[in-house]
Amino acid sequence: MNDAKHNGHANLRSRAWFAPSDINGSSHRTYLRAEGFSSRVFDGRPVIGICNSWSELTACNAHLRQVAEAVKRGVWAAGGFPLEFPTISLGEVLMKPSTMLYRNLMAMDVEECIRAYPLDAVVLLCGCDKTTPAQLMGAASADVPAIMVTGGPMLRGMWRNQELGSGTDTRRLWAEKRAGRLSDEEWCEIEGCISRSAGHCMVMGTASTMTSIAEALGMTLPGCAHIPAADSRRLAIAEESGRRAVELALEDLRPSKILTPAAFENAIRVDMAIGGSTNAIIHLIAIAGRLGIDLPLEKFDELSRSTPFIVNIRPSGKYLMEDLYYAGGLPAVMKEIAPLLHLDALTVTGKSIGENIAGAACYNRAIIRPLAEPLQPEGGTVVLKGNLAPHGAVIKQSAASPLLMKHRGPAVVFEDYADLMARIDDPALEVTEDSVLVLKNAGPKGAPGMPEWGDMPLPARLLKAGVTDMVRISDARMSGTAYGTVVLHVSPESAVGGPLAVVKTGDLIELDVHARKLELRIPEAELKQRLAAWRPPAPHYERGYGRMFLDHILQAHEGCDFDYLRAVRGARPVTAAPTVAALP
Ligand code: FES
């Protein structure tokens, strides 16, 4: 080996590892040749990491090894050298107490792997809810050229010729079962056919929302988000993304050039237009925070008021993600709301969003409504404030009951999730359909990890009487697949002494979505007195990651990132490649 042979693109980051003719360079090459690569891979071609969140414990991402192979084809074809690596993965359904507890851990894993290894660009493979924001947060902080390939939604669920959406219809049918209108045998059949392919949940839940947002931010190739996981075009776009990753490395097109304030405004507009998950607000604030960009809740409300909700997908609408793809996918949605977007925002294609969507078309107006004939004139999610949520709370108005948007009722308080589960179906519970269900200690520190407990089950007695929705309030999150008049992310949370902590059963609570108000109707002096007497609960963890989480987690309105991971100005610089290699 000699230096001339290894020069290639001399400015590439990986050259610091592989170009030197000294013992360090030799060591770096030798240990990769142990995997069977020839010396040609060190000829100066860009090294492309494939950051894979594949795991058999994350069913939504279980096909990503196959997607990675397609990416590799593209990288090799474009003259790059692909190297796939794993990180922790966050499986929404199996991981307890909540994947949100581990989103920041995955983001750190992604960031540090990109930073520590000889990568000139990275292809991020994600799908299930938190895997997308975790990778975007990590990649934003590492600020090495990056492109995302999302795993795509599952095919539609089908049961006895009924189309079923994951999560959304599970909840609806489970309520039917609790009301005695579905048998055990029927339920067993439903379990077997509601999730019938690879991919993430196929309603506009958190996964579909976040993959749409990744595309709206400009971090994927156009049209990536909505291709079903089982569609051959998913692998084709993965191959194209691999090719593009090689060019990104050579162009040094970094996330910090793409993830600008304009890109975040585009993403918020898209979130509102698609009726996206409430979780998107937390994740967007966290991703932006990595770049030193502040996204106050007021910004979401401002853009929500002026962005019509136009995408007719469950849980806020009728159809499923597969239908949205056939209707034109996200490029068609973005073309519809183009007058509201920053069309000059740069994307991973090297072109602007406006150029990317110029040729997009809508093929089904029942699914993507014209901007002038929206499903609702405002965006799906709005921000509430009041003495019960001084730093804000959110509600997905597109999935709420119109009759409950302005409501005043007495609180029925549950001190924590265990209390909720123990008493919600107790025949002695004094509750009517006008009651407001309140859940405490379900926030970032209180739960811990802010699980998706916000869409509390309705009391079985009321369900049997035909009640389908009630006002529910908590400091928890809610699955993007869920629906109902559910106030979430109350901040500050009860476990740090927010006013939610001192609500008592029988207190009157007033919700006015139109006026953006959430008020506890007790005298101010009484509220102050209760807050002064409040004492914090014992911490959930004394050691390990849990302790770190409790010590550094920010509140919901701040994105629930760790305080020390937010950038003050711009992305953190990438550490230079090592000059001294560690030989084993
Ligand atoms: Fe993974 Fe719904 S469980 S996206």
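The text that follows walks through the structure, step by step, so that each part is easy to find.

### Section: the overall build of the protein
- Within the protein, the secondary structure is distributed over 21 helices and 14 strands.
- Rg of the C-alpha trace for the protein: 24 Å, near the compact-globule value of 25 Å for 584 residues, within the 12% margin.
- In the protein, the share of contacts with a sequence separation of at least 24, taken over all contacts with a separation of at least 6, comes to 75%.
- When the accessible surface of the protein is totalled, it reaches about 21,800 Å², and 54% of it is carbon and sulfur.
- Here the protein contributes 61 positively and 66 negatively charged side chains, and the mean placements of these two sets differ by 2 Å.

### A short note on the packing of helix α9 (residues 206-217) against helix α12 (residues 261-274)
- Between α9 and α12, the shortest axis-to-axis distance is 8 Å and the interhelical angle comes to 140°. Remark: the crossing between α9 and α12 carries right-handed chirality. Every residue of α12 that contacts α9 at Thr 209, Ser 212, Ile 213, Ala 216 and Leu 217 is listed here: Ala 263, Phe 264, Asn 266, Ala 267, Val 270, Asp 271 and Ile 274.
- Among the residues forming the contact of α9 with α12, the class breakdown is eight nonpolar, three polar and one charged.

### Examining the environment of His 557
- Its location among the elements puts His 557 in the segment after α21 (544-552).
- Among the residues examined, His 557 registers a relative accessible area of 22% and is labelled partly exposed.
- In the structure, His 557 is positioned 262 residues away from Leu 295 in sequence and 9.2 Å away in space, judged by C-alpha atoms.
- If we skip the residues at most four places from it in the chain, His 557 touches Ile 285, Leu 297, His 391 and Ser 491.
- Within polar-contact distance, the side chain of His 557 engages the side chain of Ser 491 at 2.7 Å.

### With respect to empty space enclosed by the protein
- In total, this model carries two cavities of 30 Å³ or more according to the counting rule given.
- By volume, the largest cavity amounts to about 60 Å³.
- Every residue along the wall of the largest cavity is listed here: Glu 215, Gly 218, Thr 220, Leu 221, Pro 222, Gly 223, Pro 331, Met 334, Thr 347, Ile 353, Asn 356 and Ile 357.
- Of all the elements in the fold, those that place two or more residues in the lining of the largest cavity are α16 (329-336) and α17 (353-357).

### Some details on the pairing of strand β9 (residues 406-414)
- Bridge count for β9 against strand β13 (residues 508-512) is five bridges, and the pairing is antiparallel. When the sheet's bridge partners are listed, His 407 is paired in β13 with Leu 511.
- Strand direction decides the pairing type here: β9 and strand β10 (residues 436-439), joined by four bridges, are parallel. Bridge pairing in β10 places Val 413 opposite Val 438.

### A closer look at the environment of Asp 475
- Within the element layout of this structure, Asp 475 appears in the loop between β11 (471-474) and β12 (486-488).
- For the pair Asp 475 and Ser 494, spaced 19 residues apart in the sequence, the C-alpha separation amounts to 7.1 Å.
- In terms of polar contacts, Asp 475 uses its side chain to reach the backbone amide nitrogen of Gly 443, at 3.3 Å.
- A polar contact is formed between the side chain of Asp 475 and the side chain of Ser 494, at a distance of 2.8 Å.

Conventions used here
Residues numbered from 1 in each chain as written. Predicted model: local features only at pLDDT ≥ 70, side-chain atom pairs only at ≥ 80, totals over all residues. Heavy atoms only, no water. Helix = DSSP H or I, 4+ residues; strand = E, 2+ residues; numbered from the N terminus. Rg over C-alpha atoms; globule rule 2.2 N^0.38 Å. Contact = heavy atoms within 4.5 Å. Areas by Shrake-Rupley, 256 points an atom, 1.4 Å probe, with all protein chains shown as cover. Lys, Arg positive; Asp, Glu negative; His and termini not counted. Charge placed at Lys NZ, Arg CZ, Asp CG, Glu CD. Axes fitted to C-alpha atoms, helices over the stretch in contact; angles between N-to-C directions. Left-handed = near helix turned anticlockwise from the far one by under 90°. Nonpolar A, V, L, I, M, F, W, Y, C, P; charged D, E, K, R; others polar. Buried < 20%, exposed > 50% of the residue type's maximum accessible area, 1.4 Å probe, protein only. Polar contact = N/O pair within 3.5 Å; in protein donor to acceptor, adjacent residues only side chain to side chain. 1 Å grid on protein atoms, 1.4 Å probe; cavity = no way out; pocket = protein on both sides within 12 Å on 5 of 7 lines; lining within 4 Å. Points joined across faces, edges and corners; volume = space filled by probe spheres on them. Pairing = 2+ DSSP bridges.

Nothing here speaks to function; it is all geometry.
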